[in-house]
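# Fold and geometry: a report
Spelled out from the first residue to the last, the chains are:
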Amino acid sequence: MEEARKLRTILYPLARDIRNLSTFVANINNVLQADAQRFAIGAPVGLLSIRNSVRSLNKNTRAMKEVNDLALQESSVAASLAEATGNTLLRPALQLNLLARNAKPQVDRTYSGVLRVEG
């Protein structure tokens, strides 16, 4: 039970970060797709910082995707054993598998969104 709490305290902030990152990506996408001002002399001043932010965002979302995929792969065998045998010692692995499986679509969507923005 204690391990499940630890896993939950690790994965819930990741889910919150995914929501924040998807909002951040949407904001950057809106800035990059905005119409340029007709009489602007040069490129926007903050464009370089936006590009750097998108690059670091890409690295972070890639790492989050890899961690989620790894958690899903590593906990799948233990989760199947926990379901088949009803072993309570394997229940945290089952909960990790469920959390990683539930977070996978959001993580993949965020990662592909960042790739589109950077692309």
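Residues numbered from 1 in each chain as written. Predicted model: local features only at pLDDT ≥ 70, side-chain atom pairs only at ≥ 80, totals over all residues. Heavy atoms only, no water.

### A look at a positive patch on the surface
Among the surface-exposed residues, R51, R55, K59 and R62 lie close enough to one another that they form a single positively charged patch. For R51, the position within the fold is in helix α2 (residues 47-85). (Patch = residues over 30% accessible without salt bridge, like charges linked within 9 Å, V, L, I, M, F, W, Y side chains within 5 Å. Areas by Shrake-Rupley, 256 points an atom, 1.4 Å probe, with all protein chains shown as cover. Salt bridge = Lys/Arg side-chain N within 4 Å of Asp/Glu carboxyl O. Lys, Arg positive; Asp, Glu negative; His and termini not counted. Charge placed at Lys NZ, Arg CZ, Asp CG, Glu CD. Helix = DSSP H or I, 4+ residues; strand = E, 2+ residues; numbered from the N terminus.)

### Observations regarding the nonpolar core
If you look at the biggest cluster of nonpolar residues, it comprises twelve residues: I18, L21, V25, I28, I50, V54, L57, M64, A103, V107, V114 and V117. Taken together, the elements giving at least two residues each to this core come down to α1 (2-32), α2 and α3 (91-118). A71, L72, L96 and A100 belong to the second-largest nonpolar core, a separate cluster that totals five residues. (Core = buried A, V, L, I, M, F, W, Y, C linked by side-chain atoms within 4.5 Å. Buried < 20%, exposed > 50% of the residue type's maximum accessible area, 1.4 Å probe, protein only.)

### A look at the pattern of salt bridges
Using the criterion set out here, one finds four salt bridges in the structure. Between D108 and K104 there is a salt bridge, with the nearest N and O atoms lying 3.2 Å from each other. Taken as a pair, D108 and K104 lie in helix α3 at a separation of four residues, close to a single helical turn. The network of salt bridges with shared partners includes K65, D69, K104 and D108.

### Remarks on α3
Over its 28 residues, α3 runs 39 Å from end to end, which matches the ideal 40 Å to within 8%, given 1.5 Å per residue. When the local axis directions of α3 are compared, the greatest deviation, roughly 40 degrees, occurs at K104, which is followed within four positions by the proline P105. (Expected span 1.5 Å × (residues − 1). Bend = angle between axes of the 7 residues up to and from the residue.)

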